[in-house]
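Working through the structure, step by step
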Amino acid sequence: MKKFILSIVATLVLGLLSFSASAQTTYRGYTDSFGNTTVTGSNGYRSTSYTDSFGNTTTRTNNGVTYNTRTDSFGNTTTTGSNGYRSTSYTDSFGNTTTRTNNGTTYRSYTDSFGNTTTTGSNGCRATSQTDSFGNTTIRIW
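Residues numbered from 1 in each chain as written. Predicted model: local features only at pLDDT ≥ 70, side-chain atom pairs only at ≥ 80, totals over all residues. Heavy atoms only, no water.

Okay, the overall build of the chain next. For the chain, the count of helices and strands is 1 helix and 12 strands. Listed by position from the N terminus, the elements making up the chain come as α-β-β-β-β-β-β-β-β-β-β-β-β. Burial status across the chain gives 39% buried among its 142 residues. Here the contacts in the chain between residues at least 6 apart in sequence split such that 27% fall between residues at least 24 apart. Accessible surface for the chain amounts to roughly 8,000 Å². Of this, 51% is attributable to carbon and sulfur atoms. (Helix = DSSP H or I, 4+ residues; strand = E, 2+ residues; numbered from the N terminus. Buried < 20%, exposed > 50% of the residue type's maximum accessible area, 1.4 Å probe, protein only. Contact = heavy atoms within 4.5 Å. Areas by Shrake-Rupley, 256 points an atom, 1.4 Å probe, with all protein chains shown as cover.)

Take the nonpolar core next. Grouped together as the largest cluster of nonpolar side chains are 6 residues: Y27, V39, Y45, A127, I139 and I141. Those residues within four positions of A127 in sequence are excluded, and the remaining contacts are T117, T118, T119, I139, R140 and I141. (Core = buried A, V, L, I, M, F, W, Y, C linked by side-chain atoms within 4.5 Å.)

This brings us to the packing of aromatic side chains. Scanning the model with the defined rule gives 2 aromatic pairs in all. When the ring of Y27 is compared with that of Y45, the centres are 5.7 Å apart and the planes differ by 85 degrees; the resulting orientation is edge-to-face. With Y27 in strand β1 (residues 25–31) and Y45 in the loop between β2 (37–41) and β3 (46–51), this residue pair connects regions lying 18 residues apart in the sequence. Since its relative accessible area comes to 4%, Y27 is described here as buried. Pairing Y67 with Y85 gives two aromatic rings, centres 5.8 Å apart and planes at 80 degrees, and the pair type is edge-to-face. Residue Y67 is found in strand β5 (residues 66–71), and its partner Y85 is found in the loop between β6 (77–81) and β7 (86–91); the two are separated by 18 residues along the sequence. For the pair shown, Y67 and Y85 are each scored as buried. (Phe/Tyr/Trp six-rings, centres within 6.5 Å; stacked < 30°, edge-to-face > 60°.)

Direction of pairing for strand β4 (residues 57–61) relative to β5: antiparallel, over a ladder of 4 bridges. Counterpart to T59 in the pairing with β5 is Y67. Linking β4 to β5, which pair antiparallel, is a turn of 4 residues; within it G64 sits at a positive phi near 90 degrees. Pairing analysis gives 5 bridges linking β5 to β6, with the strands arranged antiparallel. Bridge pairing links Y67 to G81 in β6. (Pairing = 2+ DSSP bridges.)

Below, the discussion takes up the pairing of β1. Alignment of β1 against strand β12 (residues 137–141), held across 5 bridges, turns out to be antiparallel. Bridge pairing in β12 places G29 opposite T137. The pairing of β1 with β2 spans 5 bridges and is classified as antiparallel. Within the sheet, the bridge partner assigned to T31 lies in β2 and is T37. Joining the antiparallel neighbours β1 and β2 is a turn of 5 residues, in which G35 adopts a positive phi near 90 degrees.

Shown next as structure tokens:
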């Protein structure tokens, strides 16, 4: 479940990074008993995500952008945004994830033995994610 939550939050943050990389920002995400995920940012950002019975995730943000995420039978994840954003992600046999966006930026993510995830972008962005014992995720972006 933690990995699932993290994948939602990480996908969303990749979208944010692609369009509004700035000074250090901290995001916190948590999932309620209904499976809805809420993300709040230290910059005032807020989003809510839910996943339907087909495994497709819809994320609505307070800046008016909606993201739709789906994973195909090969395990590749595609995210499209109402602002024209598009990304595709795949995970290799080592558990490392590569995400390519339609603005030319590529992100690579890996998770260490402590469960911390680090994402680096070809545009110089860097994010670290950590999930606590309650399933809450904190993401810091530089």
